[in-house]
Amino acid sequence: MRYLPLSDTDRSEMLARIGVKHVDELFADVPKNLLLKEPVDLPRRKGELDVERILSRMSAKNIPASSVPFFVGAGAYKHHVPATVDHLIQRSEFLTSYTPYQPEIAQGTLQYLFEFQTQVAALTGMEVANASMYDGSTGTGEAVLMAHRVTKRRKAVLSGGLHPHYADVVRTLSEMSSDDVVTMAPDVAGAEDILSQIDDSVSCVVVQSPDVFGNVRDLKPIADKAHQHGALLIAVFTEVVSLGLLKSPGSMGADIVVGEGQSIGNALNFGGPYVGLFATQSKFLRQMPGRLCGETVDADGNRGFVLTLSTREQHIRRDKATSNICTNSGLCSLAFTIHMTLLGEAGLSRLARINHANAVKLADQLSGVKGVEVLNETFFNEFTLRLAKPAAEVVERLAEKGVLAGVPVSRLLPGAGLDNLLLVASTEVNTDDDRAAFCAALKEVL
Amino acid sequence: MLNRQGRPSAPQAHGVSDPAAGMGNQAARLQGDANRAAGSTAGSHPTFTGNKALAQIEPLLFEIGRYDTTGVDLDEPEDFKPRLGGLERKEPIGLPGLSEPETMRHYVRLSQQNYGIDTGLFPLGSCTMKHNARLNERMARLPGFSDVHPLQPVSTVQGALELMDELGRYLITLTNMTAVALSPKAGAHGELCGMMAIKAAIEAKGEGATRNVVLVPDSAHGTNPATAALIGFKVKPVPAREDGWVHVEDVKERLGPDVAAIMLTNPNTCGLFEPQVAEIAKAIHDAGAYFYCDGANFNAIVGKAKPGDLGVDAMHINLHKTFSTPHGGGGPGSGPVVLSERLAPFAPVPFVRAGKDSFELVEQASDAAEKPFGRMTAFHGQMGMYVRALSYMLSHGSDGMKQASEDAVLNANYIRAGLADLMSLPFGNKPCMHEVLFDDAWLKDTGVTTLDVAKAMIDEGYHPMTMYFPLVVHGAMLIEPTESESKASLDLFIAMLRDLAMAAKNGDKERFTGAPYHAPRRRLDETRAARSPVLKWTPPAPVAEAAE
């Protein structure tokens, strides 16, 4: 077996040194009748070539985003990631290191985490950011729990524009913790009256912008109303590139900002691994979940970085911890930081403008197709269409024609009576040809 | 004999049986003393830059980046009418950029300040830092896996669903369980998923209001009590016994109609298999409760024993430990949960179902015949990790996985045998599983602590073991070599620890308390970091202001 360095001679010598005859003597505490005599019923070992063949065959059955005109979004976005990013995150010292519990030999990880936290805080317009969550959805669940700890109330109000998977994650967590959740009806137009839901019993209001239907939301009035009632505003985003062009949630009064960072540095990966971004104000720092990297000095007075404020965390506080999170999204946050470094402010805002411009162009062209209505007044790089036919059916037919057109709202919100709605995203990867192909195929299908 | 570098000069003559192995090398030690005397990382030959050849000082991105620099060539779009509703950003963000060559150099230099598995032995107990095969990286990057969207039509991702189904089949076969929930994003998330399934099952039986206690042994990982508390369970500890095992009578004593579950790690964090696990499972089930098993230490028993045979109802599997998906400096992980027949109906969405001629993806609880308790995360979990883990399993096969577990256990016991006379084993010199636990009794009266030993190991070119965990042992040192280490590597590691043990006992305190001397940083001031937290870079104040 190519991964196992011990030879049979080594094994014999080592068993002799230990003072046992057979390796099973080391498993003496396993009840005899439960110790397996034979290997389990799975295939035997395989060489690299065979493994490559098996997995390549599975891979070939899927249609990669890069191979077709591609407009699927709804929380995960196809962007171009520079080659440098993937090279750097595969450096052995990054890829095969552990959580930086021994900071003297983990300054590489710790320094990039410090850079990551700084970038996330700047983007979101907040004072502090943590070293990442699993993804945007679990981060949102954690944000709600954090708001409950801060306000000592246990009721969350979820906007109807919140990604339905995110809402499901929050509801699952809340039901299990016996916390209250009010979910607003799906808000296609971005015009819900969420203000009327905010009173003195509410811990937090969770609002996504751009929302799942693509609408850009002004968070300021919601933040103001929430603060009047001692509640927190949790601002959510699923497309981090939008922050290159839009006002930061922090500048509009958000208390916690949480979102998905996949778009920067990370591939689609069929849903994961991704990277949750999580930021808040300094005054809530001690209630924040997740790891934090902080600056300090070493015994010679040289600057260095360590994981800090771990008295919030499970390995110290156990059942009193702010969260149970341990492993997070280390390498995905590195990919984020490297890509963001390559972009810089100039590159990020240009990338955001290209995304917006492409989406505007696509919306204009699609609205010229008979049986298609663009519903959004505002959007960034994603918007909602009303089609003359059920969107799920249309998407299947378009896939047959080699266009991956978007996400039918019915897939996220079945039974909501929104079957003809389609979410369509457009990023920098889309070309004029892609748009033309989409419009042409749609004309044929509708 | 050891040569000047402290390495064995003749491979056939080295090892724990070599009487010279524990003695170290005086010349090398004197050199070490000279370095220490210099007292500073600048050493006795300061350089203009502060760099020392390959050891480069790298500033923060924010100190070298420029706000008008970008390392990505993008063309400005043609004029268009924005549709942002007047919510455009007016203020600068504050994100400096670097050109591509500068970016490359910045992060390569940072990487060089890190220790990884590929650098050397990484014996971090309960973390299973085994070899990360690059085949798995290549497979995860196949476009059919890495470049597919979680919400593109199911008909266009049949191979991805097939892979998830196949991974699930492997995990179920290895554990003899009924179902698997793949979506949890890491170990602690898997624990949460398993405990939610248990809570849902209890509520389905109408016992939600009364069964609210979870038993957690003191030796458990901190995530266990944190997880139970997160969803409203009361945590009742099961105290540790002197032999390192959980005893069925201690469990029985705490059982009652209020107990929902036990969260037991097996093999446990003391590096021992729980010999009474089947009796504990029976007692738990007889009391109407569930057995959650923390699978962090599954690497000891893959192909040797099946958790389902032991009476487990739910167990998370850290794909980033047992199945070698890289730790990546703290994630991403992946924590699928295998479930018993009793809990299988409550598995969360989404899950893959093999239909007649295609794979289906059940994404909504309302579409399931079962009773899913809800959703753990957006989309379908850590596909990138699934591919790597399946690649690992296909490569090893049933024979290789069994061999890997046996080698992991053999390696840990070899270390135990090599150090038992100099370091102290809290539960006696008995066989361990894939990790061996020492306490700090052997350091008594030396003035050296477990932390000091760890830092001295850094100087010797090793990543330290897990320190001060489990909490049930004083000054714990938990060593997990994994199956990836050769005998020669273990021999040198043992010799190194023997040398440190002798040095500590002979009063060479300075070698420990000032360590590390040779790492990219000397010991870091963690108290200062926590007292006045600096969690991001802030621009230095202008000179005029600073002068006030």
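About the criteria used
Residues numbered from 1 in each chain as written. Chains lettered and ligands numbered in written order. Predicted model: local features only at pLDDT ≥ 70, side-chain atom pairs only at ≥ 80, totals over all residues. Helix = DSSP H or I, 4+ residues; strand = E, 2+ residues; numbered from the N terminus. Rg over C-alpha atoms; globule rule 2.2 N^0.38 Å. Buried ≥ 20, exposed ≤ 12 C-beta atoms within 10 Å, placed from the backbone. Contact = placed C-beta atoms within 7 Å. Pairing = 2+ DSSP bridges. Axes fitted to C-alpha atoms, helices over the stretch in contact; angles between N-to-C directions. Expected span 1.5 Å × (residues − 1). Bend = angle between axes of the 7 residues up to and from the residue. Nonpolar A, V, L, I, M, F, W, Y, C, P; charged D, E, K, R; others polar. pLDDT = per-residue confidence, 0-100. Domains from an automatic or database assignment. Core = buried A, V, L, I, M, F, W, Y, C linked by C-beta atoms within 7 Å. Right-handed = clockwise from strand over helix to strand, strands pointing away. Parallel < 35°, antiparallel > 145°, perpendicular 65-115°, else oblique. Left-handed = near helix turned anticlockwise from the far one by under 90°. Arc of directions from axis to C-beta.

S.K.: Before we move on, can you summarise the overall build of chain A with the specific residues and values?
M.R.: Each helix and strand in chain A was counted, giving 13 helices and 13 strands. Whereas a compact globule of 446 residues would reach a radius of gyration of roughly 22 Å, chain A reaches 25 Å, a difference of no more than 12%. The principal-axis extent of the C-alpha atoms belonging to chain A is close to 80 × 55 × 50 Å. For chain A, buried positions account for 63% of its 446 residues. Once local pairs closer than 6 in sequence are excluded, the contacts in chain A between residues at least 24 apart make up 72%.

S.K.: Can you tell me about the overall build of chain B, naming the residues and giving the values?
M.R.: A count of helices and strands for chain B gives 16 helices and 12 strands. In terms of overall dimensions, chain B is globule-like: its C-alpha atoms have a radius of gyration of 27 Å, near the 24 Å expected for 548 residues. For chain B, the spread of C-alpha atoms along the three principal axes comes to 75 × 75 × 50 Å. Counting the 548 residues in chain B, one finds 59% classified as buried. Taking contacts inside chain B between residues at least 6 apart in sequence as the whole, the part at least 24 apart equals 72%.

S.K.: Hey, could you go over the sheet that holds strand 10 (residues 372-374) of chain A for me, with residue numbers and the actual values?
M.R.: By way of backbone hydrogen bonds, the strands of a sheet pair with one another, either parallel or antiparallel. Residue and element names in this part refer to chain A. Spatially, 4 strands are ordered 10-11-13-12 in an open sheet, and the strand pairing comes out antiparallel. A single partner strand is all that each edge strand has here, and the edge strands are strand 10 and strand 12 (407-408). Of the strand pairs in this sheet, strand 12 and strand 13 (residues 421-425) are connected by 2 bridges, and their pairing is antiparallel. Residue pairing for strand 13: Val-407 is matched across the bridge by Leu-423. With respect to the sheet, helix 11 (residues 391-400) is in contact with strand 11 (382-387), strand 12 and strand 13, its orientation differing from that of strand 13 by roughly 45°.

S.K.: Explain helix 10 (residues 330-366) of chain A to me, and be specific about the residues and the numbers.
M.R.: Residue pairs three or four apart in sequence face the same way in an α-helix, which turns once every 3.6 residues. Residues and elements named next belong to chain A. In a regular helix each residue adds 1.5 Å, so 37 residues correspond to 54 Å; helix 10 covers only 40 Å between its end C-alpha atoms and thus falls short of that length. Gly-344 marks the point of greatest bend in helix 10, at about 95°. The buried fraction of helix 10 is high, at 32 of 37 residues.

S.K.: Please give an account of the interface of chain A and chain B that cites residues and values.
M.R.: Each side of the interface is counted separately: chain A has 165 residues, and chain B has 179 residues. Element by element, the count of residues in the side of chain A that touches chain B is highest for helix 10 of chain A, at 21 residues. Per-class residue counts for the side of chain A that touches chain B are 84 nonpolar, 48 polar and 33 charged.

S.K.: Could you give an account of the confidence of the model for chain B, with specific residues and numbers?
M.R.: In this model, chain B carries an average pLDDT of 92, and 91% of its residues clear a pLDDT of 70 or more. Model confidence for the complex: the whole-complex pTM is 0.95, and ipTM, which rates the interface, is 0.98.

S.K.: Can you explain the domain arrangement of chain A? Please cite residues and give values.
M.R.: Residue and element names in this part refer to chain A. Looking at the assigned domains, one finds that chain A contains domain 1 (65-81 + 347-445) and domain 2 (83-339). Put simply, the middle of domain 1 and the middle of domain 2, counted by C-alpha atoms, are 27 Å apart. Each partner contributes to the interface: domain 1 provides 30 residues, whereas domain 2 provides 29 residues. Top element by residues in the side of domain 1 that touches domain 2 is helix 10. It accounts for 7 residues. Here the side of domain 1 that touches domain 2 is composed, by residue class, of 18 nonpolar, 9 polar and 3 charged.

S.K.: Let's hear about the sheet that holds strand 12 (residues 477-479) of chain B: which residues, and what values?
M.R.: Residues and elements named next belong to chain B. Reading across the sheet, the 3 strands line up as 10-12-11 and stay open at both edges, with antiparallel pairing between neighbours. Looking at the sheet topology across the chains shown, the edges are occupied by strand 10 (436-438) and strand 11 (466-467). Relative to strand 12, strand 11 runs antiparallel, the two being bridged by 2 bridges. Across the sheet, residue Met-467 finds its bridge partner in strand 12, namely Met-477.

S.K.: Account for the environment of Ala-352 of chain A, with residues named and values stated.
M.R.: Summarising the element assignment, Ala-352 of chain A is placed in helix 10. In contact with Ala-352 of chain A, not counting residues within four places along its chain, are Val-241, Ser-242, Gly-244 and Leu-245 of chain A.

S.K.: Before we move on, could you go through unusual backbone geometry and cite the residues and values that matter?
M.R.: Glycine aside, negative phi is the norm for most residues, and most peptide bonds take the trans geometry. Of the consecutive residues Gly-272 of chain A and Pro-273 of chain A, the connecting peptide bond is found in the cis state with omega at 5°. Within the secondary structure layout, Pro-273 of chain A lies in the loop between strand 6 (256-260) and strand 7 (276-280). Omega for the peptide link from Gly-331 of chain B to Pro-332 of chain B comes to 0°, which places this bond in the cis form. Checked against the element boundaries, Pro-332 of chain B lands in the loop between strand 6 (314-316) and strand 7 (337-339). A positive phi angle, near 55°, is found at Ser-178 of chain A, a position not held by glycine. By the secondary structure assignment, Ser-178 of chain A is in the loop between helix 7 (164-176) and strand 3 (180-183). A positive phi is found at Thr-128 of chain B, a non-glycine position, where the angle reads about 50°. When you line up the elements, Thr-128 of chain B lands in the loop between helix 3 (100-111) and helix 4 (134-140). Taking the number of C-beta atoms within 10 Å as the measure of exposure, Thr-128 of chain B has 26 and is therefore buried.

S.K.: Which residues make up the nonpolar core, and what are the values?
M.R.: Most often, soluble globular proteins have nonpolar side chains that are buried together. Val-205, Val-206 and Ile-234 of chain A together with Ala-197 and Leu-339 of chain B are the most contacted members of the largest nonpolar core, which has 319 residues in total. The residues that make up this core include at least three from each of domain 1 (65-81 + 347-445) and domain 2 (83-339) of chain A. With near-sequence residues (within four places) excluded, Val-206 of chain A lies in contact with Thr-140, Val-144, Ala-156, Val-157, Leu-158, Ser-159, Leu-162, Val-170, Ile-234 and Val-236 of chain A.

S.K.: Describe the pairing of strand 3 of chain A, with residues and values.
M.R.: Residue and element names in this part refer to chain A. Note that strand 2 (residues 155-158) and strand 3 share 4 bridges and pair parallel. Across the sheet, the residue bridging to Ala-156 is Val-181, located in strand 3. Note on the crossover from strand 2 through helix 7 to strand 3: the handedness is right-handed.

S.K.: Explain the pairing of strand 9 (residues 359-362) of chain B to me, using residue names and the numbers behind them.
M.R.: Of the strand pairs in this sheet, strand 8 (residues 351-354) of chain B and strand 9 of chain B are connected by 4 bridges, and their pairing is antiparallel. Its bridge partner being in strand 9 of chain B, Phe-351 of chain B is matched across the sheet by Val-362 of chain B.

S.K.: Which residues make up the packing of helix 11 of chain A against helix 13 (residues 432-445) of chain A, and what values do they have?
M.R.: All names here are of chain A. It is at 10 Å that the axes of helix 11 and helix 13 come closest, and there the two elements cross at 120°. Relative to helix 13, the element helix 11 is oriented oblique. Read as a crossing pair, helix 11 and helix 13 show a hand that is right-handed. Each of Val-394, Arg-397 and Leu-398 in helix 11 lies in contact with helix 13, whose residues at this interface are Ala-441, Leu-442 and Val-445. In the contact of helix 11 with helix 13, the residues fall into 5 nonpolar, no polar and 1 charged.

S.K.: Residues and numbers for the environment of Thr-431 of chain A, please.
M.R.: Residue and element names in this part refer to chain A. Looking at the secondary structure, you find Thr-431 in the loop between strand 13 and helix 13. Residue classification places Thr-431 among the exposed positions, given that 11 C-beta atoms sit within 10 Å. The spatial distance from the C-alpha of Thr-431 to the C-alpha of Val-23 is 61 Å, given a sequence separation of 408 residues.

S.K.: Explain helix 13 of chain A to me, and be specific about the residues and the numbers.
M.R.: All names here are of chain A. Between the first and last C-alpha of helix 13 there are 20 Å, a value that for 14 residues agrees with the 20 Å anticipated at 1.5 Å per step. Taken together, the buried positions of helix 13 are occupied by Phe-438, Ala-441, Leu-442 and Val-445. Relative to the axis of helix 13, the buried residues are bounded by an arc of 100° and lie together on one face. Facing away from the buried side of helix 13 by more than 90 degrees, the exposed set consists of Asp-432, Asp-433, Ala-436 and Glu-444. Buried positions along helix 13 lie against strand 10 and helix 11.

S.K.: With reference to specific residues and values, describe the environment of Leu-348 of chain A.
M.R.: Positionally, Leu-348 of chain A belongs in helix 10. Those residues in contact with Leu-348 of chain A, other than ones at most four positions away along the chain, are Gly-244, Met-340 and Leu-343 of chain A together with Leu-95 of chain B.

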